[in-house]
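The lines below spell out each chain.
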Amino acid sequence: MATVERLLHPMHPKADDTGNKVTVVGTGQVGMAAVFSMLTQGVSNNIALVDVMEDKLRGEMLDLQHGCAFMKNARINASTDYSITAGSKVCVVTAGVRQREGESRLDLVQRNTDVLKIIIPQLVKYSPEAVFIIASNPVDILTWVTWRLSGLPRHRVLGSGTNLDSARFRYLLSEKLGIAPTSCHGYIIGEHGDSSVAVWSGVNIAGVRLSDLNPQIGGEQDPEQWRRMHQLVVESAYEIIKLKGYTSWAIGLSLSQLVGAVLSNANSVHPVSTYIKGQHEVEQEVFLSLPCVLGRGGVADVVRQPLTAEERARLHASAKLMHGVQAGIHF
Ligand SMILES: NC(=O)C1=CN([C@@H]2O[C@H](COP(=O)(O)OP(=O)(O)OC[C@H]3O[C@@H](n4cnc5c(N)ncnc54)[C@H](O)[C@@H]3O)[C@@H](O)[C@H]2O)C=CC1
Ligand SMILES: CC(=O)C(=O)O
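All of the points below concern the structure found in this document.

Scoring rules and cut-offs
Residues numbered from 1 in each chain as written. Chains lettered and ligands numbered in written order. Predicted model: local features only at pLDDT ≥ 70, side-chain atom pairs only at ≥ 80, totals over all residues. Heavy atoms only, no water. Near = heavy atom within 4 Å. Polar contact = N/O pair within 3.5 Å; in protein donor to acceptor, adjacent residues only side chain to side chain. Helix = DSSP H or I, 4+ residues; strand = E, 2+ residues; numbered from the N terminus. Nonpolar A, V, L, I, M, F, W, Y, C, P; charged D, E, K, R; others polar. Expected span 1.5 Å × (residues − 1). Buried < 20%, exposed > 50% of the residue type's maximum accessible area, 1.4 Å probe, protein only. 1 Å grid on protein atoms, 1.4 Å probe; cavity = no way out; pocket = protein on both sides within 12 Å on 5 of 7 lines; lining within 4 Å. Points joined across faces, edges and corners; volume = space filled by probe spheres on them.

1. A closer look at the site of ligand 1
Close to ligand 1 lie 27 residues, the nearest being Val30, Asp51, Val97, Arg98 and Ala135. In the model, an oxygen atom of ligand 1 is placed 3.4 Å from a nitrogen or oxygen of the Asn112 side chain. Ala135 is positioned such that a nitrogen or oxygen atom in its backbone is 2.8 Å from a nitrogen atom of ligand 1. Broken down by secondary-structure element, the contributors of at least two residues to the shell around ligand 1 are helix H2 (29-40) and helix H4 (109-126). Looking at the shell around ligand 1, the element that brings in the most residues is H4, giving three residues. Here the residues of the shell around ligand 1 are counted per class, giving 13 nonpolar, twelve polar and two charged.

Right, here's the structure in full:
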């Protein structure tokens, strides 16, 4: 009798499904920061990793597996073969190239579309019921690309969008006001990128709108120049890329929050990239961020957020820009 059989008397085959399996494609800086956040925050204890770089993939898997004794019953698998992703509840895509210094997110569009053409059909094959969360840039356009390639209903395909930009904005608000970021309520909507829109009209602390205290807030005529805060949000990624080569921790935490909202059916509100044609009179078929209610099925609702005429005009400019770039993509 083998040692295992001498140790264990089998009663019933062990169940394989933890009910919270998450696939992450792309084990680079963003993918691994997301995985580490999910595992250590208890969002998922069942992770499947996929990448094309076999050695790196195996190295990341082993390194995480060796941390299992410090985690809550974690199960971590990795392969270049998508069959290991079968039955995932959420598929997160962080694969592809990232900006080099001086490049914008939009410069990556065709290269990363070509990457998604390989990845998305495989994910759909093995997890046809999953919610797909895209992080690869340019995230809004690649979320649209994923929706088209996947054939999935639009509520099940979303982009991490401006959840990160809004977190950066809330951090900067918190620094200026001396109030915790969790108590600073403000949304960046539209493109995750240079044309994003700060909804200054809605920024509030405990329901007190800063625009009631300073009607010029966020505008060019504002003597206090709060709009600089939004410029800093837009410049954030460029600054960090210049300093350390990539961004990782905040987007990892952001993805973990979004995955958690889906897996726990939280119905919590997050600014994520979703199909917005028809919202705020946007006419183009584009995915951009608006505050969305996230639950088990993905995007359950889009919040009808009041916008000023100027905020709406900026959102329209974002939509026009995205639509123009989409027209040049080769499928
Ligand atoms: N949405 C957001 O807020 C953010 C998005 N990003 C974007 O995330 C993406 C990833 O960034 P990093 O992790 O820093 O890049 P990275 O270069 O560190 O990792 C990318 C990974 O993708 C893998 N990959 C490439 N082609 C693949 C394929 N066909 N199948 C599977 N894996 C493949 C590479 O082998 C690599 O491991 C970039 O597009 C970047 O711009 C980065 C930060 C924030
Ligand atoms: C790279 C990127 O998209 C970001 O950190 O915002």
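2. Structural notes on H2
Taking 1.5 Å of rise per residue, twelve residues should cover 16 Å, and H2 covers 16 Å from first to last C-alpha, within 8% of that figure. Three or more residues of H2 are buried, namely Gly31, Met32, Ala33, Ala34, Val35, Ser37, Met38 and Leu39. Count one or two residues on from H2 and you reach Gly42, which has phi positive near 70°.

3. Examining the layout of surface pockets
One water molecule sets the probe size; rolling that probe over the atoms shows where empty space is left. Approximately 830 Å³ is the volume attributed to the largest pocket. Lining the largest pocket are 39 residues, with Thr94, Ala95, Gly96, Val97 and Arg98 sitting closest to its centre. Secondary structure elements with two or more residues in the lining of the largest pocket: H2, H4, helix H6 (163-177) and helix H8 (227-244). Among the elements that make up the lining of the largest pocket, the one with the highest residue count is H4 (four residues). Of the residues assigned to the lining of the largest pocket, the class counts are 19 nonpolar, 15 polar and five charged.

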